[in-house]
Amino acid sequence: MQAGFLMYVPVYRNGHPHATPPERRANLLGWAYSPFRMDDLMFGILGERRRDLELEIFDGEDLSPETLMHDSGDNLGVAQGVGGLYHSSQKLDIFGHRWTVVLRSLQPFEASLDTRLARSIQAAGVLTSVLLALLVWQLANSRVQFALALEMARELRISEERWKFALQGAGEGVWDWNIQTGEAMYSRRWKEMWGYAEHEIGNFSEEWARRVHPEDMPRVMAELQTHLDGQKVSAAVEFRMLCKDGCWRWTLGRGMVVRRDAAGQPLRLVGTNSDISERKARDEALKRSNAELEQFNYAIAHDMRQPLRMISSYLQLLEMSLADSLDAEQSECLNFAIDGAKRLDQMLVGLLAFARVGRNGAVAPSSSRAALEEALHFVQSAVAEAHASIRVEGDWPRIAVQHDETLRLLQNLISNAVKFRIPERTPEVRITGTTIDTEWRLVVADNGVGILPEQLGRLFQVFQRLQSRAHYEGTGIGLALCRKIAESHGGRIWAESAGEGLGSCFHVILPLAVDAAPAGGDIVDGSGYAHFRLESSR
């Protein structure tokens, strides 16, 4: 057994004074210490011991076997009264604590002395000074290293406090799973999330597994296995957990492997759980609200439109039966009523289409070129009537959309470009497709009536008309429908115009399909026949 000592160093709050005892007591965080074994320490300083000199270190000034901390020789020197022919002792104060260091000669050293006794004694004194200097240097170096260790510990503590603060602020529970042994550590917050006290959940992975909802477990394990196999950087999955009171709460679980063996097999998985029950409840409420809206839309489409069609039909019958007896003013009033009924029916149809956006089928890779040609076919009569010129150019790749909704978007934009024209000006419409990274941009530009810049904000709102109904027919829903279609696909739409009479330019961003490939462009004239001619815009 070796004698040794403990070195304690106080740790104070960073930036707080500690010059006086009251300040040190007030700002003391704790103590850091390091153990030293004297024989190992001196061996590190001096190396192999010498056979001709003996070094002894005593705790304090009492030279006794009880206070002896280090003896480089095989005997006990002073403790046994063996003084040696030559010896020297020094008092050494280390951080306020006194040690006594004794260096004495042994028989091999004394036998080697010649007549130059003074020089030998001087050499012994120099050796003693060197040994003491080495001892002080080692202790001072240890203090520097100790201070560095304290600084590292302080930084680690601050980092840990910030991490804990972030997790507590987010309300997340932490777990740490040793995959090999099955042991798991769960934080206090993790246990509180499910209503348990600290001692009520053990440190093994089965505590988590037996609380996962049986219906969710296959999906959770599939996500976890995908990450463990290295196919995903991390795992994230939503599932239900059983609480102590018997209820189920939704949670978002995240995890990441932090250590693997040489073969790449996972050893340790660390993660968090956050309670998302309130968000799930809001999602369910939103689903119920959407279902009610669907039911309301059904009522509009069937129940409300039916009496409206009856009103319109009977008004038309009344007009036919009284045609000979009505004067001009009465005929005009009757026509206003019939026209109003028809317009209201169109608005109901538009609202129904607006509400159904995003519910008309799954998104799938679709040809933008095919959608464009189909839209041009539907607006062909309007193009011929207006003698409009339509130029198509750019990229027309496959896009990730719902085909029917994209067709409606194209049809609305092209028909608006033809409809909102200046009478004495031949309509010119340019339709351009451009591929930008993972997105596809559609641009429909015209030379029509244009838009006042201050009116652009109202353009995509429901029932907002910027032009008089007397000059341009419409319900005011078309562009609102285009906006909803673009946004339901994760895209966006906006308009640009220099002002009235200066034309408009509508931009739409939609996502590309994974297998997207560009196609060429067409030209359509106003003769009533569509000439699809491929051309390159590059």
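Heads up: these notes are all about the structure in this document. (Residues numbered from 1 in each chain as written. Predicted model: local features only at pLDDT ≥ 70, side-chain atom pairs only at ≥ 80, totals over all residues. Heavy atoms only, no water.)

Concerning the nonpolar core
Then comes step 1: Membership of the largest hydrophobic core comes to 39 residues, with the highest contact counts inside it found for Leu 413, Ile 431 and Leu 442.
Then comes step 2: Discounting residues that sit within four places of it in the chain, Leu 442 has contacts with Trp 396, Leu 409, Leu 410, Leu 413, Ile 431, Thr 432, Phe 506, His 507 and Val 508.
Then comes step 3: Grouped together as the second largest cluster of nonpolar side chains are 21 residues, Trp 190, Val 220, Val 237 and Leu 269 included. (Core = buried A, V, L, I, M, F, W, Y, C linked by side-chain atoms within 4.5 Å. Buried < 20%, exposed > 50% of the residue type's maximum accessible area, 1.4 Å probe, protein only. Contact = heavy atoms within 4.5 Å.)

Digging into the packing of helix α10 (residues 368–378) against helix α12 (residues 403–419)
Then comes step 1: The geometry of α10 relative to α12 is characterised by a closest axis approach of 9 Å and an angle of 50° between their N-to-C directions. Taken together, α10 and α12 sit at an angle that is classed as oblique. When the axes of α10 and α12 are compared, the crossing they make is right-handed. Here Ala 371, Leu 372, Glu 374, Ala 375, Leu 376 and Phe 378 of α10 come into contact with α12, specifically with His 403, Thr 406, Leu 407, Leu 410, Gln 411 and Ile 414.
Then comes step 2: Classifying every residue of the contact of α10 with α12 gives eight nonpolar, three polar and one charged. (Axes fitted to C-alpha atoms, helices over the stretch in contact; angles between N-to-C directions. Helix = DSSP H or I, 4+ residues; strand = E, 2+ residues; numbered from the N terminus. Parallel < 35°, antiparallel > 145°, perpendicular 65-115°, else oblique. Left-handed = near helix turned anticlockwise from the far one by under 90°. Nonpolar A, V, L, I, M, F, W, Y, C, P; charged D, E, K, R; others polar.)

Some points on α12
Think of an α-helix as turning once every 3.6 residues; residues three or four places apart then point the same way.
Then comes step 1: Counted at 1.5 Å a residue, the expected span for α12 with its 17 residues is 24 Å, and the 24 Å between its end C-alpha atoms agrees.
Then comes step 2: Within α12, the full set of buried residues consists of Glu 405, Thr 406, Leu 407, Leu 409, Leu 410, Asn 412, Leu 413, Ile 414, Asn 416, Ala 417 and Val 418.
Then comes step 3: Two to three positions downstream of the cap, the backbone nitrogen of Asp 404 sits 3.1 Å from a side-chain oxygen, assigning the N-cap of α12 to Gln 402. (Expected span 1.5 Å × (residues − 1). Polar contact = N/O pair within 3.5 Å; in protein donor to acceptor, adjacent residues only side chain to side chain.)

Description of the pairing of strand β10 (residues 248–260)
Then comes step 1: Pairing of strand β9 (residues 235–242) with β10, which is carried by eight bridges, proceeds in the antiparallel orientation. For Phe 239, the partnering residue across the bridge sits in β10 and is Thr 251. (Pairing = 2+ DSSP bridges.)

Describing the packing of aromatic side chains
Then comes step 1: Per the stated rule, a full pass over the model turns up four aromatic pairs.
Then comes step 2: Measuring from ring centre to ring centre gives 6.3 Å for Trp 208 and Phe 239, while their planes differ by 90°; the resulting arrangement is edge-to-face. A residue pair is termed long-range when its members are at least 10 positions apart, and Trp 208 in helix α6 (residues 206–209) and Phe 239 in strand β9 qualify at 31 residues.
Then comes step 3: Accessibility expressed as a relative area gives 2% for Phe 239, which makes it buried.
Then comes step 4: Among the aromatic residues, those joined into a ring-pair cluster are Tyr 186, Trp 190 and Trp 194.
Then comes step 5: Geometry around Tyr 196 places Arg 211 over its ring, the cationic atom sitting 4.5 Å from the centre. (Phe/Tyr/Trp six-rings, centres within 6.5 Å; stacked < 30°, edge-to-face > 60°. Lys NZ or Arg CZ within 6 Å of the ring centre and 35° of its normal.)

Overview of the packing of α12 against helix α13 (residues 478–488)
Then comes step 1: Contact geometry of α12 with α13 gives a least axis separation of 9 Å together with a crossing angle of 140°. Crossing handedness for the pair α12 and α13: left-handed. The segment α12 lies against α13, with Glu 405, Arg 408, Leu 409, Asn 412, Leu 413 and Asn 416 engaging Gly 478, Leu 479, Leu 481, Cys 482, Ile 485, Ala 486 and Ser 488.
Then comes step 2: Considered class by class, the residues forming the contact of α12 with α13 number seven nonpolar, four polar and two charged.

Quick look at the pattern of salt bridges
Then comes step 1: If you walk through the whole model with that rule in mind, you get 21 salt bridges.
Then comes step 2: Measuring nitrogen to oxygen at the nearest pair gives 2.7 Å for the salt bridge that ties Lys 244 to Glu 200. With Lys 244 in the loop between β9 and β10 and Glu 200 in the loop between α5 (188–193) and α6, this residue pair connects regions lying 44 residues apart in the sequence.
Then comes step 3: Look at Glu 200 and you get partly exposed, because its relative accessible area is 31%.
Then comes step 4: Across the salt bridge formed by Arg 211 and Glu 207, the nearest N and O atoms sit 2.7 Å from each other.
Then comes step 5: Residue classification places Glu 207 among the buried residues on the basis of a relative accessible area of 4%.
Then comes step 6: One salt-bridge network, held together by shared partners, links Glu 215, Asp 216, Arg 219 and Arg 240. (Salt bridge = Lys/Arg side-chain N within 4 Å of Asp/Glu carboxyl O.)

A few points about a nonpolar patch on the surface
Then comes step 1: A cluster of nonpolar side chains, contributed by Met 310, Tyr 314, Leu 317 and Met 320, occupies part of the molecular surface with about 480 Å² of accessible area.
Then comes step 2: Structurally, Met 310 is set in helix α8 (residues 277–321). (Patch = residues over 30% accessible without salt bridge, like charges linked within 9 Å, V, L, I, M, F, W, Y side chains within 5 Å. Areas by Shrake-Rupley, 256 points an atom, 1.4 Å probe, with all protein chains shown as cover.)

Details of unusual backbone geometry
Then comes step 1: With a phi close to 55°, His 387 is a non-glycine residue in the positive phi region.
Then comes step 2: Relative to the helices and strands, His 387 resides in the loop between α11 (380–386) and β13 (389–394).
Then comes step 3: The backbone of Asp 437 shows a phi angle near 55°, a positive value even though the residue is not glycine.
Then comes step 4: Turning to its location among the elements, Asp 437 is positioned in the loop between β15 (428–436) and β16 (439–446).
Then comes step 5: For Asp 437, a relative accessible area of 73% gives the class exposed.

Digging into the sheet that holds strand β8 (residues 184–186)
As a general point, the strands of a sheet are linked pairwise by backbone hydrogen bonds and lie either parallel or antiparallel.
Then comes step 1: An order of β8-β7-β11-β10-β9 is seen for the five strands of this open sheet, with the pairing classed as antiparallel. Looking at strand neighbours, the two that pair on one side only are β8 and β9, the edges of this open sheet. In this sheet, neighbouring strand axes are inclined to one another by 25° on average, regardless of whether the strands run parallel or antiparallel.
Then comes step 2: Bridge count for strand β7 (residues 173–178) against β8 is three bridges, and the pairing is antiparallel. Note that in β8 the partner of Trp 177 across the bridge is Ala 184.
Then comes step 3: Running over the sheet, helix α7 (residues 217–228) touches β7, β9, β10 and β11 (266–275) and is turned about 150° from β9.

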